[in-house]
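# Fold and geometry: a report
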Amino acid sequence: MYSKSEMLFGKAKQVIPGGVNSPVRAFKSVGGTPIFMERAKGAYMYDVDGNTYIDYINSWGPMILGHAYEPVVKAIQEYATYSTSFGAPTELEIKIAELIVSMVPNIDMVRMVNSGTEACMTALRLARGYTGRNKFIKFEGCYHGHADAFLVSAGSGVATLGIQSVPGVTATVAEDTLTAPYNNLPAVEQLVAEQGAEIAAIIIEPVAGNMGCILPQPGFLEGLRKICDANNILLIFDEVMTGFRLARGGAQELLGIKADLVTFGKIIGAGMPVGAVAGPKAIMENLAPAGKVYQAGTLSGNPIAMIAGYTLLQTLNNNPVIYQQLEEKASYLVNGLKEAFGAAGIVHSINHIGSMLSAHFTEYPIVDFSAASAANNELFKRFFHAMLERGVYLPPSAFESWFMCNALTTEDLDKTIAAAKSAMQAIK
Ligand code: KE4
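Residues numbered from 1 in each chain as written. Predicted model: local features only at pLDDT ≥ 70, side-chain atom pairs only at ≥ 80, totals over all residues. Heavy atoms only, no water.

### Section: the overall build of the chain
Each helix and strand counted, the chain has 15 helices and 14 strands in total. In terms of overall dimensions, the chain is globule-like: its C-alpha atoms have a radius of gyration of 21 Å, near the 22 Å expected for 428 residues. Principal-axis analysis of the C-alpha atoms gives the chain an extent of 60 × 55 × 45 Å. Expressed as a percentage of the 428 residues in the chain, the buried residues total 56%. For the chain, the proportion of contacts with a sequence separation of at least 24, taken over those separated by at least 6, is 73%. (Helix = DSSP H or I, 4+ residues; strand = E, 2+ residues; numbered from the N terminus. Rg over C-alpha atoms; globule rule 2.2 N^0.38 Å. Buried < 20%, exposed > 50% of the residue type's maximum accessible area, 1.4 Å probe, protein only. Contact = heavy atoms within 4.5 Å.)

The structure is reproduced here in C-alpha cells:
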C-alpha cells in the first residue's frame, strides 16, 4: 500500500525534474520519499497522509513565528484585493525599506529582489562594479544561492548531492571564485597576499547554515574585517539565513562586526519570494538607475511580498523579547538532545546560536566543511528517518541548519527530546 506522498512523488517526477522544485527537498542524501505537505500552522506541518510533524525547517528559515502567522495571512488577504503587482513604485516599498534601515546597522539603502540568490548575485556584481576588480573569496561549504560564480565548493544542496563541479558553470566563471576553508584566516591571508589587488569582495555567511550550523571562531570575522580594510576589499555578509533571525539587526548586531554590504532573504518575505541587498549610500548608489551597475526585476518589491515581510518584520522589531525566547527554547532543546545522545552512548557535537542549531555525530568540533563531511552522516540519515517516524521533521541533510520557530512550546520540545531518546535507542 503506497502512501499518498509516494504516489504524488511518482507523479511529480514525470513533470518536475527530480520531482521537486528545489533539490534539498528530495531527501536524496537521507533516502526515502519526500513528504508532501498539505498545510501547516504554528510549529506543526500536516502531510497529505494525515500525519502531523513538529517542524524544525520553518521553510528553511522564513517561518520564525510559525506557519500561517495570523497578521501576515490577514495582510496578504487584504492586499491581494488591491492587485498582486503594479510594476510601478508604491509607498509600501519605502515603508519596508525604512523599517529595515532602522533595524539593521551600517546600512542606508535597500534594493529588493526576489530571492537570496538574486540578492547575493547583485551584491557581488555591485562589489565588482564599485571596486573595478573581478575576483572574490567565498568559503567551502557556504551557500550563496545558485548563481554560477557561487557554485564552487558550495554548501546546502550542492554539498548534499556531493556535486564537486556543477556542469554549466564555465571554467572562466569559476576562475574568479577563490575559496578558503571556513574559520581559516591564514588561508584568506594567503589568497589576499597573492591576489589582493584583483579581489573585489569576501562573501561569507557570518554564521554558516549550509554545512550544518557552524559558528565563526573568535577573531575570525574580526580578522576578515581587518584584511578587507587593509586591501580595499568589500566584506559582504550573506544574512539570507541569519538576517532578522539571530537578532533584529542580524549577525552584524549580534556579533558586532560591520559588513560593507548585507544580503537578506527568507524572513524578510515571511515565506513570500523576497531577497534584498543593503548597504551604505556610497556603495548602493552605484546600482541602476542611480548608477551603472545594472540589476532589475519585474516582481521586485511586489506588494504582496512586501506587506507580508513588512508585517513580520514589524512584529519582530516591536517584540525583541522574541529573540531571547528563541534562544531559551533552543538551549532547552540542545540540552535535551545532548542527554538523549549521551544516554545512548552516541558521540555527538551540537552547534547552536540563537534559534539555529545542528547535530553532528562525531566527537570532533564542527568548525568547517571538512569536519562536517567527516562526521557519521550515515547515522544522521537513520536518525532523520527515526525522528520523522516519531513526528519530528528535521532538515533532510546533515549539511543544513535546524531552525526554531517561536510557536514551539515546552511540550513540543519535550516531545522532540523524547523522540530523540527513543530514536537513538532504536538505531544505535
Ligand atoms: P534562495 O535563492 O534559495 O532564496 O537563497 C539562496 C541562499 C543564499 N544564502 C544563504 C545563506 C542561503 O541559506 C540560501 C538558501 N538556503 C537554502 C537552505 N540551506 C535554501 C533551500 C533550498 O535551496 O531549497
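### Here we look at the pattern of salt bridges
What the rule picks out here adds up to 10 salt bridges. One salt bridge connects Lys-41 with Glu-70, and the closest N-O pair in it is separated by 3.3 Å. With Lys-41 in strand S1 (residues 37–41) and Glu-70 in helix H2 (residues 70–80), this pair connects stretches of sequence that are 29 residues apart. Judged by relative accessible area, which is 39%, Glu-70 ranks as partly exposed. The closest approach of N and O atoms between Lys-135 and Asp-176, which form a salt bridge, is 3.7 Å. Placement of Lys-135 in strand S5 (residues 135–139) and of Asp-176 in the loop between helix H6 (171–175) and strand S6 (177–180) is noted, with a sequence separation of 41 residues between them. Exposure class is identical for Lys-135 and Asp-176. Each is buried. (Salt bridge = Lys/Arg side-chain N within 4 Å of Asp/Glu carboxyl O.)

### A word on the site of the ligand
Inspection of the region around the ligand gives 17 residues, with Ser-22, Thr-117, Asn-210, Asp-238 and Glu-400 positioned closest. The contact in question runs from an oxygen atom of the ligand to an N or O atom on the side chain of Thr-117, over 2.6 Å. One nitrogen or oxygen atom from the main chain of Tyr-143 is found 3.2 Å from a nitrogen atom belonging to the ligand. Mapping the ligand onto the cavity grids shows that it belongs to the largest pocket. Residues that form the shell around the ligand fall into these classes: 5 nonpolar, 8 polar and 4 charged. (Near = heavy atom within 4 Å. Polar contact = N/O pair within 3.5 Å; in protein donor to acceptor, adjacent residues only side chain to side chain. 1 Å grid on protein atoms, 1.4 Å probe; cavity = no way out; pocket = protein on both sides within 12 Å on 5 of 7 lines; lining within 4 Å. Sits in = over half its atoms within 2 Å of the grid points. Nonpolar A, V, L, I, M, F, W, Y, C, P; charged D, E, K, R; others polar.)

### Some remarks on the packing of aromatic side chains
If you walk through the whole model with that rule in mind, you get 15 aromatic pairs. Centre to centre, the rings of Phe-244 and Phe-264 are 4.8 Å apart; their planes meet at 35 degrees, and the pair counts as tilted. Of this pair, Phe-244 sits in the loop between strand S8 (234–238) and helix H9 (250–255) while Phe-264 sits in strand S9 (residues 261–264); the two residues are 20 residues apart in sequence, bridging distant segments of the chain. On the basis of relative accessibility, which here comes to 1%, the residue Phe-264 falls in the buried class. A ring pair is formed by Phe-341 and Phe-383, whose centres lie 5.4 Å apart and whose planes are at 75 degrees; its orientation type is edge-to-face. Taken together, the positions of Phe-341 in helix H12 (residues 321–343) and Phe-383 in helix H14 (residues 377–389) put the pair 42 residues apart, joining distant regions of the chain. Neither residue differs from the other here; Phe-341 and Phe-383 are each classed as buried. Each residue in the set Phe-27, Tyr-53, Phe-384 and Tyr-393 is aromatic and connected to the rest through ring pairs, giving one cluster. (Phe/Tyr/Trp six-rings, centres within 6.5 Å; stacked < 30°, edge-to-face > 60°.)

### Observations regarding the nonpolar core
In this structure, Ile-100, Phe-139, Phe-244 and Phe-383 are the most contacted members of the largest nonpolar core, which totals 110 residues. Looking at which element gives the most residues to this core, the answer is H12, with 9 residues. Mapping this core onto the domain boundaries places at least three of its residues in each of domain 1 (74–318) and domain 2 (371–399). By size, the runner-up hydrophobic cluster in this structure holds 21 residues, among which are Cys-120, Ala-127, Ala-147 and Ile-203. (Core = buried A, V, L, I, M, F, W, Y, C linked by side-chain atoms within 4.5 Å. Domains from an automatic or database assignment.)

### Side note on H12
Helix length check: H12, at 23 residues, gives a terminal C-alpha distance of 33 Å against a target of 33 Å (1.5 Å per residue), a fit within 8%. Burial in H12 covers these residues: Ile-322, Tyr-323, Leu-326, Lys-329, Ala-330, Leu-333, Val-334, Gly-336, Leu-337, Ala-340 and Phe-341. Within two residues after H12, Gly-345 carries a phi angle of roughly 70 degrees, on the positive side. (Expected span 1.5 Å × (residues − 1).)

### A short note on the environment of Ala-407
Among the structural elements, Ala-407 can be located in the loop between strand S14 (402–403) and helix H15 (410–427). Ala-407 sits in the partly exposed class, given a relative accessible area of 26%. Residues Ala-407 and Leu-126, spaced 281 residues apart in sequence, show a C-alpha to C-alpha distance of 38 Å. Excluding residues that lie within four positions of it along the chain, Ala-407 makes contacts with Gly-42, Ala-43, Leu-65, Gly-66 and Asp-412.

### Notes on H15
Taking 1.5 Å per residue as the helical rise, H15 with its 18 residues ought to reach 26 Å, and the 25 Å between its terminal C-alpha atoms agrees with that figure. All of the buried residues along H15 are Asp-412, Leu-413, Thr-416, Ile-417, Ala-419, Ala-420, Ala-423, Met-424 and Ile-427. Buried residues of H15, viewed axially, fall in a sector of 160 degrees; they line one side. Opposite its buried face, H15 presents the exposed residues Glu-411 and Ala-426, each directed more than 90 degrees away. Here the buried face of H15 lies against strand S2 (44–47), strand S3 (52–55), H12, H14 and strand S13 (392–393). (Arc of directions from axis to C-beta.)

### A closer look at the sheet that holds S3
Judged by pairing direction, the sheet is mixed, and its 4 strands sit side by side in the order S1-S2-S3-S13 without closing on themselves. The open sheet terminates on both sides in strands that have one partner only, identified here as S1 and S13. Pairing geometry for S2 and S3, over 3 bridges, is antiparallel. The partner of Met-45 across the bridge, within S3, is Tyr-53. (Pairing = 2+ DSSP bridges.)

### Regarding the layout of surface pockets
The volume enclosed by the largest pocket comes to roughly 1500 Å³. Lining the largest pocket are 49 residues, and of these Ser-22, Val-24, Arg-25, Ser-59 and Trp-60 sit closest to its centre. Elements with a contribution of two residues or more to the lining of the largest pocket: helix H4 (116–131) and helix H5 (156–160). Of the residues in the lining of the largest pocket, the class split is 27 nonpolar, 17 polar and 5 charged. (Points joined across faces, edges and corners; volume = space filled by probe spheres on them.)

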